[in-house]
Amino acid sequence: MKKQYLFGLLLSLLSAAPVFAQTPEERGLEIAQEADKRDMGWQDMKSNMLMILRNRHGQESKREIRLRSLEILDDGDKSLSIFDHPRDVKGTAFLSFTHATTPDDQWLYLPALKRVKRISSKNKSGPFMGSEFAFEDLTSQEVERYTYKWLRDEDLDGRAMFVVERYPEYAHSGYKRQIVWVDQEYWQPQKIEFYDRKNSLLKTLVYEGYQQYLDQYWRPAKMHMDNHQTGKSTTLEWNDYEFKTGLTDRDFDKNSLKRAR
Amino acid sequence: MGLASEFSGYVAMEWRGFNQAPLDDRQFEHNQFSLSVQPEFYTSWDNDRQSFTFVPYARIDQQDSERTHFDIRELTWMKVAEKWELRLGIRKLFWGVTESQHLVDIINQTDAVENTDGEDKLGQPMVNLALIDSDWGTLDLFILTGFRERTFAGVDGRLRTPLPVDTDAAQYESSREEKHIDWAARWQQTLGDWEVGLSYFQGTGRDPLLLPKTNAAGKPVLIPYYEQIRQTGLDVQWIYEDWLWKLEAIHRDSDRQNFLAATGGFEYTFVGIMDSSWDLGLIGEYLYDDRDDEALTAFQNDLFAGLRLTLNDAQSSELLMGVIQDLDHNGRLFSLEASRRLGESWKLTVEARLFSDIAQSDPFYSVRDDDHIQVELAWYF
């Protein structure tokens, strides 16, 4: 993610006092930059994800995915997702080099054919594995991905939040805008409302069970996405977070995709 | 340290139905049931830097004794380092980018009794060293130790040549026959929105010539004849917005033939059609081969038009249908493949192939009455 030094000096003042003569847009950007800065330096991450899809009748379907991410300081992060469950897609792997405002680079490995396919990624709004999460909801959130507007500060479930509206910079995003409740202690989102391109409320994402790793990085135990237009929902349960495990670019190339297990 | 093992795989039941009578009365009439199994054992150690994989495969077929067969799809030891990857053993791999046919993909022999799309392959014994550099790409070097003969439907089976192929009497150009050691190399690199692959193969050609002969019992049969070939291949894919542009081209030469063949075209995806989460892909490819002898290839001057529908639902429902139209004659091959997960561990796949107005000079002429539908129910563990 891009380093932003510009506002570095102001940041320590942020939660203490309102900054004079600052527009809501400037304040929104400042919050995004501070959140980005506080989450920098994790280098690489491994985690396990259980994805529970629910249709409007409450029927559940589960997926198990292992995730590996590599932090890239001057661009979007690299990530490798390996599918373990359902069993018929076991061994399928997905490699993505994310970019803030241009299409990501994406490759898919199909184990039955042993085939690596470079796939079209202009559209980041498509569903990830049939879930209510779009690709763009799950990829790394660089500051440049949006423009911002601070709305207000308010409490959510007894915790102090910055409420910031953000507007996707990427021309082919599925959203017109998002409203983010940023936790003032963790500097991570606690809730996001997604508005579709027609500006109606499409989805709400709620984060739960934040824990701190390496005395710095806050990660949620659960993310719950409700689609208000279809009545479907998806819960992600995160386990076994590991940071700085020594992964390199070689663990995120097309060769690694073929042997991902 | 850190030994991680897993056991997985599938068992599948398959039914194939043919509505027309066979051309040869030795072939079965309408229904064909079979059972296949592919377990997979995998273990890794050395922090996943080394691994061992074993994937046997077997099919038992009610009608066709040649389709009842066993194969080792994979039996591989792998070692990974920062700049190289070494693999020893039996493996399956894939090269290429196009959808209608796979010209560049030459390492593995086609397991032709499995399906008519040529995508099922036999395990290939090899030594494979990949040299890897983020600047200049990946260079794979292969020594292919031992040749696998193509499988063919038996006398009783449908989807075969007018005379059955006698695989026990295969002939080779090389005096070392199936023990001839082949070699290959492939360079592959991503250059921005381009994926480029360049490959070379020298050794026993995977596509046999079929020569009419009389077998030991005095019956007329076809004998597979495997030539020594040299093949250069190129595969390129370019991404532009929702377009994928693809090209595969090969040049192959041997004592008997010297030719160029190519497949090129596009895939365009409409994402989220009709305000749904469905994606619709349109595929168009042109198939070219400069061999004049129509017996050697069905695709000299043909057009493939296809449609891929992905529902992006919890059951991973997919549909791929297409037609290959012969531009020199009227012949058309229709193909449909649809699949959907049932519950958590079952998958239903329906396929259909139709052969329409096939010219007498076309290799598909002998299967003109073999239109069929195929239903497979697989259980994954």
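Residues numbered from 1 in each chain as written. Chains lettered and ligands numbered in written order. Predicted model: local features only at pLDDT ≥ 70, side-chain atom pairs only at ≥ 80, totals over all residues. Heavy atoms only, no water.

(A) Main features of the nonpolar core. Counting 42 residues, the largest nonpolar core has M49, F128, L205, M223, L236, W238 and F243 of chain A as the members making the most contacts within it. Beyond its immediate stretch of four places on either side in the chain, F128 of chain A contacts M49, M51, I65, S81, F83, F94, F133, A134, F135 and L138 of chain A. (Core = buried A, V, L, I, M, F, W, Y, C linked by side-chain atoms within 4.5 Å. Buried < 20%, exposed > 50% of the residue type's maximum accessible area, 1.4 Å probe, protein only. Contact = heavy atoms within 4.5 Å.)

(B) Structural view of the interface of chain A and chain B. Taken together, the contact between chain A and chain B spans 34 residues of the former and 52 residues of the latter. Three residues stand out in chain A for area buried against chain B, namely R115, R118 and R261 of chain A, and they jointly supply 20% of the buried area on that side. Applying the counting rule to chain A against chain B returns twelve salt bridges. Those elements that place two or more of their residues in the side of chain A that touches chain B are strand 2 (60-70), strand 6 (115-119) and helix 3 (254-259) of chain A. Of the residues that constitute the side of chain A that touches chain B, the class distribution is eight nonpolar, eight polar and 18 charged. (Buried area = accessible area lost by both parts, 1.4 Å probe. Salt bridge = Lys/Arg side-chain N within 4 Å of Asp/Glu carboxyl O. Helix = DSSP H or I, 4+ residues; strand = E, 2+ residues; numbered from the N terminus. Nonpolar A, V, L, I, M, F, W, Y, C, P; charged D, E, K, R; others polar.)

(C) Spotlight on the sheet that holds strand 8 (residues 171-172) of chain B. Residues and elements named next belong to chain B. Here we have three strands laid out as an open sheet, ordered 8-12-11, and mixed in their pairing. This sheet does not close on itself; its edge strands, each paired only once, are strand 8 and strand 11 (209-214). Sheet topology places strand 8 next to strand 12 (residues 220-226); two bridges connect them, and they run parallel. Each residue of the ladder has a partner; that of Q171, found in strand 12, is Y225. (Pairing = 2+ DSSP bridges.)

(D) Structural context of the layout of surface pockets. There is about 1400 Å³ of room inside the second largest pocket. Around the second largest pocket, the lining is made up of 47 residues, and of these N227 and T230 of chain A together with D275, S276 and S277 of chain B lie nearest the centre. When residues of the lining of the second largest pocket are traced back to their parent elements, those giving at least two are strand 1 (44-54), strand 2, strand 11 (201-208) and strand 15 (233-243) of chain A. When the residues that make up the lining of the second largest pocket are grouped by side-chain class, the tally is ten nonpolar, 23 polar and 14 charged. (1 Å grid on protein atoms, 1.4 Å probe; cavity = no way out; pocket = protein on both sides within 12 Å on 5 of 7 lines; lining within 4 Å. Points joined across faces, edges and corners; volume = space filled by probe spheres on them.)

(E) Fine view of the environment of Y380 of chain B. Here Y380 of chain B lies in strand 21 (residues 372-380). The exposure class of Y380 of chain B is buried, given its relative accessible area of 15%. Separated by 369 residues in the primary sequence, Y380 of chain B and V11 of chain B place their C-alpha atoms 6.7 Å from one another. Not counting chain neighbours up to four residues away, the residues in contact with Y380 of chain B comprise R87 and D88 of chain A together with G9, Y10, S345 and K347 of chain B.

(F) View of the packing of aromatic side chains. Tallied over the entire structure, the rule returns 35 aromatic pairs over all chains. Their ring planes at 40° and their centres at 5.0 Å tell us that Y175 of chain A and F194 of chain A sit as a pair that is tilted. Here F194 of chain A lies in strand 10 (residues 189-196) and Y175 of chain A lies in strand 9 (residues 175-183), a separation of 19 residues in the sequence. Each of the two residues, Y175 of chain A as well as F194 of chain A, counts as buried. Here W243 of chain B and Y268 of chain B contribute two aromatic rings whose centre-to-centre distance is 4.6 Å and whose plane-to-plane angle is 55°, an arrangement assigned as tilted. Here W243 of chain B is found in strand 14 (residues 243-253), whereas its partner Y268 of chain B is found in strand 15 (residues 258-270), with 25 residues between them in sequence. The exposure class of W243 of chain B is partly exposed, given its relative accessible area of 29%. One Lys or Arg, R177 of chain A, reaches over the ring of Y195 of chain A and ends 3.8 Å from the middle of that ring. The positively charged end of K203 of chain A is found above the aromatic ring belonging to F194 of chain A, 5.3 Å away from the centroid. (Phe/Tyr/Trp six-rings, centres within 6.5 Å; stacked < 30°, edge-to-face > 60°. Lys NZ or Arg CZ within 6 Å of the ring centre and 35° of its normal.)

(G) Region of interest: empty space enclosed by the protein. Tallying each qualifying case throughout the model produces six cavities of 30 Å³ or more. By volume, the largest cavity amounts to about 1100 Å³. Contributing to the lining of the largest cavity are 49 residues, with L138, T139, S140, Q141 and Q188 of chain A lying nearest its centre. Split by residue class, the lining of the largest cavity holds 29 nonpolar, eleven polar and nine charged. Approximately 70 Å³ is the volume attributed to the second largest cavity. Taken together, L113 and K114 of chain A together with K92, L93, F94, H102, D105, G118, E119 and K121 of chain B make up the full set of residues lining the second largest cavity. Split by residue class, the lining of the second largest cavity holds three nonpolar, two polar and five charged.

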